[in-house]
Amino acid sequence: MTGDVADNQHLDWLARSFGRTGYAPLYPDDLETLKRVAIKRFKFDRSHLFREGETATAAYVVVKGTVELYRGTGSNRRVVARVLPGGIIGDIALFSDEPYISSAQAAGNVDLLQFDKEPLLAELARHPAICLRWLAAGLRQLERTQRRVLRLMHRTVKARVADLIVEEGDEVALSQATMAALLGASRQAVNEAVGELRDAGLIETGYRRITVLDTTGLLAVATTEAS
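Residues numbered from 1 in each chain as written. Predicted model: local features only at pLDDT ≥ 70, side-chain atom pairs only at ≥ 80, totals over all residues. Heavy atoms only, no water.

(A) Expanded view of the environment of Gly217. Structurally, Gly217 can be placed in helix α9 (residues 215-224). Look at Gly217 and you get buried, because its relative accessible area is 17%. Counting along the chain gives 15 residues from Gly217 to Leu202, while the straight-line C-alpha distance between them is 6.4 Å. (Helix = DSSP H or I, 4+ residues; strand = E, 2+ residues; numbered from the N terminus. Buried < 20%, exposed > 50% of the residue type's maximum accessible area, 1.4 Å probe, protein only.)

Printed below as a string of structure tokens:
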């Protein structure tokens, strides 16, 4: 009974959060289909879903927590994105029969739904509503990425840092090295920008932690400063 309750909770979450709810809703039969092919996974902090260059065998939907995507290793390691709940990971490589282009690592404990390639492709082919919801979720993620790129163009590092902090939420658990990698800026420049935002009373800082004090003020910095 406990397992059934947990399964239904995952499916309820998926129906609400996966894709857009305004069209192609997921009906009970669709949820039962996903229940058959979705595998619940839990990843501890710093454990990997997959590594760059590995054959793509599964796609993932983040249910709870954050996953970091990075490229390279050692001193060349660069974080390229952070995937939050509702985000899809690995589906482009899976659908195009290409290796994963980045590594995916849990940033804290993470709950996921894993969709193995063959069962997923078979169900998407048979169920248009599920296929459309998957497409909508993927496009929404691409749109969010594109909007970030456009927002970062011709902005000062300070504006880009303010924008990233607002996007991350009231409590930001990012090191300045990670912020620098995400923004394509030097660590020194990010450190200076964080210091200016702190001195302006917009944020508080701690070890790998930023607390937002004034979201409106941060938005003003993010939207008014240009290079």
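That shown, we press on.
(B) Spotlight on the packing of aromatic side chains. One pass over the full model with this rule turns up three aromatic pairs. Between Phe42 and Phe44, the aromatic rings sit 4.9 Å apart at their centres with planes inclined by 90 degrees, giving edge-to-face as the arrangement. Here Phe44 falls in the exposed class, since its relative accessible area comes to 57%. An aromatic cluster is present here, built from Phe50, Tyr60 and Tyr100 joined pairwise through their rings. (Phe/Tyr/Trp six-rings, centres within 6.5 Å; stacked < 30°, edge-to-face > 60°.)

(C) Layout of the packing of helix α6 (residues 157-168) against α9. Running from N to C, α6 and α9 cross one another at 140 degrees; their axes reach a closest spacing of 7 Å. It follows from the interaxial angle that α6 and α9 lie oblique. Between α6 and α9 lies a crossing of left-handed hand. Contacts from Lys158, Ala159, Ala162, Asp163, Ile165 and Val166 of α6 reach α9 at Thr215, Leu218, Leu219, Val221 and Ala222. Looking at side-chain class alone, the contact of α6 with α9 contains eight nonpolar, one polar and two charged residues. (Axes fitted to C-alpha atoms, helices over the stretch in contact; angles between N-to-C directions. Parallel < 35°, antiparallel > 145°, perpendicular 65-115°, else oblique. Left-handed = near helix turned anticlockwise from the far one by under 90°. Contact = heavy atoms within 4.5 Å. Nonpolar A, V, L, I, M, F, W, Y, C, P; charged D, E, K, R; others polar.)

(D) Examining the sheet that holds strand β3 (residues 58-64) more closely. Strand order across the open sheet formed by four strands is β1-β8-β3-β6, with antiparallel pairing between neighbours. If you trace the sheet from one side to the other, it starts and ends with β1 (38-43) and β6 (88-89), each paired once. Where β3 meets β6, two bridges bridge the pair, whose relative direction is antiparallel. Across the sheet, the residue bridging to Tyr60 is Ile89, located in β6. (Pairing = 2+ DSSP bridges.)

(E) Just the packing of α6 against helix α7 (residues 176-183), in detail. Across the interface, α6 lies against α7 with an axial gap of 11 Å and an inter-helix angle of 105 degrees. Here α6 is positioned roughly perpendicular relative to α7, judged by the angle of their axes. Contacts between α6 and α7 involve Arg160, Val161, Leu164 and Ile165 from the first element and Met179, Leu182 and Leu183 from the second. A per-class count over the contact of α6 with α7 returns six nonpolar, no polar and one charged.

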